[in-house]
Amino acid sequence: AGRDTTYTVHIASAGQAVVLTFQDRTAAEDIYQFRTDFVANVSHELRTPLTALLGFIETLRGPARDDAAARDRFLEVMAREAGRMARLVDDLLSLSRLEAKERVRPSGSVVLANVAQSALAELQPVTDAAGATIRFEDQSGGANIAAEAGELRQVIANLIENAVKYSEPGSEIALSLNAPAHEARLRGVGVRLVVRDAGFGIAPHHIARLTERFYRVDNHRSREVGGTGLGLAIVKHIVNRHRGRLLIESIEGEGTTVTVILPVLDDQ
Ligand code: ADP
């Protein structure tokens, strides 16, 4: 049931009052709807690889039992599907951990450039496998930010993984850090972390929805490249918790630029 909102409108000339009652959707109802949709989405996302796994197990038990070549092929697909489920569960756990501490301010103080360097080192196997080159430009001037290093590394990892996934193999990706000029900093302008790719790009009408859980521009492509549909939702949560801003700009067929703006610590 909705919440009744009563408005009393006085009509001055007639000296009368008219009572109007509307039914609003309450915040609680919206949350309920969000939860229901989320559970349905998660179930569907887990069911798809599970159905594939069960199908392959049946085939391996029956028709393909003595076919060594088929067995190898199937095991490879099964490993991929199981990997997909594992990534999905990891991303769901990340999201719920982030939700639990959404209002807690990050306590650590980190040098942004150092965190970026270590994130890039961790990502090397991913970028190497795709033949991608990362160009790192550090113009952050040693800026310190209030952040949890692990969460920042996750932001960088998710953005660079997306740049790799949605570009041709062997393409170049840029990660740049830009500190605001002194004047701008005094006005509270933050440090920018920018990931730019020259990949497939995104049509404008999708952009506002990309941080929604499970929203994908192209379901097939996202699944092919191993996406969970949760990467940008996680980024958004982390950026919010760090009181930052997230901007996504893209031109279809040309590439995408994602900018995270984070507050610089005052004590510099
Ligand atoms: P996914 O796991 O599917 O990559 P994300 O939440 O990280 O999920 O991203 C949501 C969708 O946004 C992706 O499915 C993809 O369609 C689009 N997207 C994200 N980053 C890029 C990018 N750099 N270039 C093109 N499309 C992108």
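Counting of residues starts from 1 at the beginning of each chain's written sequence and follows it residue by residue. Where local features are concerned, this predicted model is filtered to residues with pLDDT of at least 70; where side-chain atom pairs are given and counted, the filter is 80 or more; whole-chain, interface and lining totals use all residues. Computation of side-chain values: all heavy atoms of the structure, hydrogens and water removed.

1. Brief notes about the pattern of salt bridges
No. 1: Salt bridges are defined as contacts in which a side-chain nitrogen from Lys or Arg sits within 4 Å of a carboxyl oxygen from Asp or Glu. Under the counting rule described, the total for this entry stands at 13 salt bridges.
No. 2: Taken together, the salt bridges that share partners define one network made up of K101, E148, E151 and R241.

2. Section: the packing of helix α2 (residues 68-100) against helix α8 (residues 231-241)
No. 1: Every axis corresponds to a line fitted to the C-alpha atoms, with the helix fit spanning only the stretch in contact, and the corresponding angles, defined between N-to-C directions, vary from 0 to 180 degrees. Numbering of helices and strands runs from the N terminus, with a helix taken as a DSSP run of H or I at least four residues long and a strand as a DSSP run of E at least two residues long. It is at 10 Å that the axes of α2 and α8 come closest, and there the two elements cross at 20°. Between α2 and α8, the angle falls in the class roughly parallel. Handedness of the crossing formed by α2 with α8: left-handed. Contact residues: α2 offers D91, S94, L95, L98 and E99, while α8 offers A233, I234, H237 and I238.
No. 2: Its residues assigned to classes, the contact of α2 with α8 comprises five nonpolar, two polar and two charged. An angle below 35 degrees is read as roughly parallel, one above 145 as roughly antiparallel, one from 65 to 115 as roughly perpendicular, and any other as oblique. The crossing is said to be left-handed when, going from far helix to near helix, the turn is anticlockwise and less than a right angle, and right-handed when the turn is clockwise. Note on contacts: a residue pair qualifies if any of its non-hydrogen atoms lie within 4.5 Å across the two residues. Note that Gly is not counted as nonpolar here; it falls among the polar residues with everything else outside the nonpolar set of Ala, Val, Leu, Ile, Met, Phe, Trp, Tyr, Cys and Pro and the charged set of Asp, Glu, Lys and Arg.

3. Looking at α8
No. 1: The buried label applies to any residue whose accessible area, calculated with a 1.4 Å probe on protein chains only, is under 20% of its type's maximum; exposed applies above 50%, and partly exposed to all values in between. Burial of α8 is extensive: nine of the eleven residues sit out of reach of the surface.
No. 2: Among all positions of α8, only G231, L232, A233, I234, V235, H237, I238, V239 and R241 are buried.
No. 3: R243, located one to two residues past α8, shows a positive phi value of around 55°.

4. Structural notes on the pairing of strand β8 (residues 245-251)
No. 1: What you see with β8 is a clean split: L246, I248 and S250 sit on the buried side and R245, L247, E249 and I251 on the side with no burial.
No. 2: Of the strand pairs in this sheet, β8 and strand β9 (residues 255-262) are connected by seven bridges, and their pairing is antiparallel. Opposite L247, over in β9, you have T259 as the bridge partner.
No. 3: Between any two strands, pairing holds if DSSP finds at least two bridges. If you look at the hairpin formed by β8 and β9, you'll find three residues sitting between the two strands, and G253 has a positive phi there, around 80°.

5. Considerations on the site of the ligand
No. 1: One heavy atom within 4 Å of a molecule or strand makes the whole residue count as near it. If you check the shell around the ligand, you find 19 residues, and the closest are Y166, S222, T228, G229 and L232.
No. 2: Polar contacts here mean pairs of N or O atoms no more than 3.5 Å apart (in protein, one a potential hydrogen donor and the other a potential acceptor; neighbouring residues in sequence count only if both atoms are side-chain atoms). Measuring from an oxygen atom of the ligand, one finds a side-chain N or O atom of S222 at 2.5 Å.
No. 3: With residues, only the protein chains shown are counted as cover, and all accessible areas are computed by Shrake-Rupley using a 1.4 Å probe. Summarising the interface, the protein chains cover 96% of the accessible area of the ligand, which totals 530 Å² for the free molecule.
No. 4: Breaking the shell around the ligand down by element, the ones donating at least two residues are α4 (149-165) and α8.
No. 5: The dominant element in the shell around the ligand, judged by the number of residues it contributes, is α4, at three residues.

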